[in-house]
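# Report on the structure
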Amino acid sequence: MHVFRLDESRLQHQALLAMHALATVMIAAYVEASLLKYSLLFLLLLLAWLEARRFRRARGVELALNVQAGTIRLEQGGQPYFFRKYKVYPTRWFAILSLVDQGHHRTLCLDPHRFQSVACYRHCRYLLWQMERSVAT
C-alpha cells in the first residue's frame, strides 16, 4: 500500500482568488451602478472570503493506493472512505481523480503543489496509471 499526503495547493487557491478578483473588476467596470451591481460585488467578496477561510482551516488528505487489490482509500478529517471505482483524467500539468463508491463521490485535482515533492506526485500518477491499466486488462 502506497500512502500519499495531499495538502491544499496554494497555486489553486491563488488562481481561485484571481478569478474572484477578475470577476469583481469586470462587474465594477461593466455593470451600471445599481443595487444589482453592489449585490454582485458583495456576493463575490463574500465568496472570496469564504474560500480563503476554508483554505486556512483545511486539513490534509491522505490518499492510499493499494495496487494489488485495485482500491483507493481516502482519509480526510479522520474519516476513511474506500473506493473500488475510479477514473483518472491525466493532463500534462495535473491529473483529475474521480472516485465513486456507494453514495460517496469525490473528485480530486492532483497537481505537484499538493504533494511533498514532484517525485511523490510522479510516483502517484504512475501508480494510478498502473492500477487503471490492470483493471482494463
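Structure: see above.
What comes next is a walk through the structure. (Residues numbered from 1 in each chain as written. Predicted model: local features only at pLDDT ≥ 70, side-chain atom pairs only at ≥ 80, totals over all residues. Heavy atoms only, no water.)

## Section: helix H2 (residues 35–57)
- Compared with the 33 Å implied by 1.5 Å per residue over 23 residues, the 33 Å span of H2 between its first and last C-alpha is a close match.
- Of the positions making up H2, those classed as buried are Lys37, Leu41, Leu44, Ala48, Ala52 and Phe55.
- In this fold, the buried residues of H2 make contact with helix H1 (10–30). (Helix = DSSP H or I, 4+ residues; strand = E, 2+ residues; numbered from the N terminus. Expected span 1.5 Å × (residues − 1). Buried < 20%, exposed > 50% of the residue type's maximum accessible area, 1.4 Å probe, protein only. Contact = heavy atoms within 4.5 Å.)

## A look at the packing of aromatic side chains
- Considering all chains together, one arrives at three aromatic pairs under this definition.
- A centroid spacing of 6.1 Å and a plane angle of 75° characterise the contact between Phe4 and Phe115, whose relative ring orientation is edge-to-face. Of this pair, Phe4 sits in strand E1 (residues 2–6) while Phe115 sits in the loop between strand E7 (104–110) and helix H3 (118–136), and the two are 111 residues apart along the sequence. For the residue pair Phe4 and Phe115, the accessibility class agrees, reading buried in each case.
- Ring plane angle 35° and centroid distance 5.9 Å describe the contact between Tyr126 and Trp129, whose orientation is recorded as tilted. Here Tyr126 pairs with Trp129, and both are found in helix H3, just three residues apart, close to one helical turn.
- By the ring-pair criterion, three or more aromatic residues cluster together here, those being Phe4, Phe115 and Tyr121. (Phe/Tyr/Trp six-rings, centres within 6.5 Å; stacked < 30°, edge-to-face > 60°.)

## Examining the sheet that holds strand E4 (residues 79–83)
- Read from one edge to the other, the open sheet built from four strands follows the order E1-E2-E3-E4, with strand pairing classed as antiparallel. With partners counted over all chains shown, the strands left at the sheet margins are E1 and E4, one partner each. Here the strands of the sheet are splayed against their neighbours by 20° on average, with no regard to which way each runs. (Pairing = 2+ DSSP bridges. Axes fitted to C-alpha atoms, helices over the stretch in contact; angles between N-to-C directions.)

## Considerations on the environment of Phe4
- For Phe4, a relative accessible area of 6% puts it in the buried group.
- The spatial distance from the C-alpha of Phe4 to the C-alpha of Gln130 is 16 Å, given a sequence separation of 126 residues.

## Looking at the sheet that holds strand E5 (residues 85–90)
- Ordered in space as E5-E6-E7, the three strands form an open sheet in which the pairing is antiparallel. The sheet terminates laterally at E5 and E7, the two strands that pair on one side only. With direction set aside, neighbouring strand axes in the sheet form an average angle of 10°.
- Bridge analysis of E5 against strand E6 (residues 95–101) gives six bridges, and the strand direction is antiparallel. The residue of E6 that forms the bridge with Tyr86 is Leu99.

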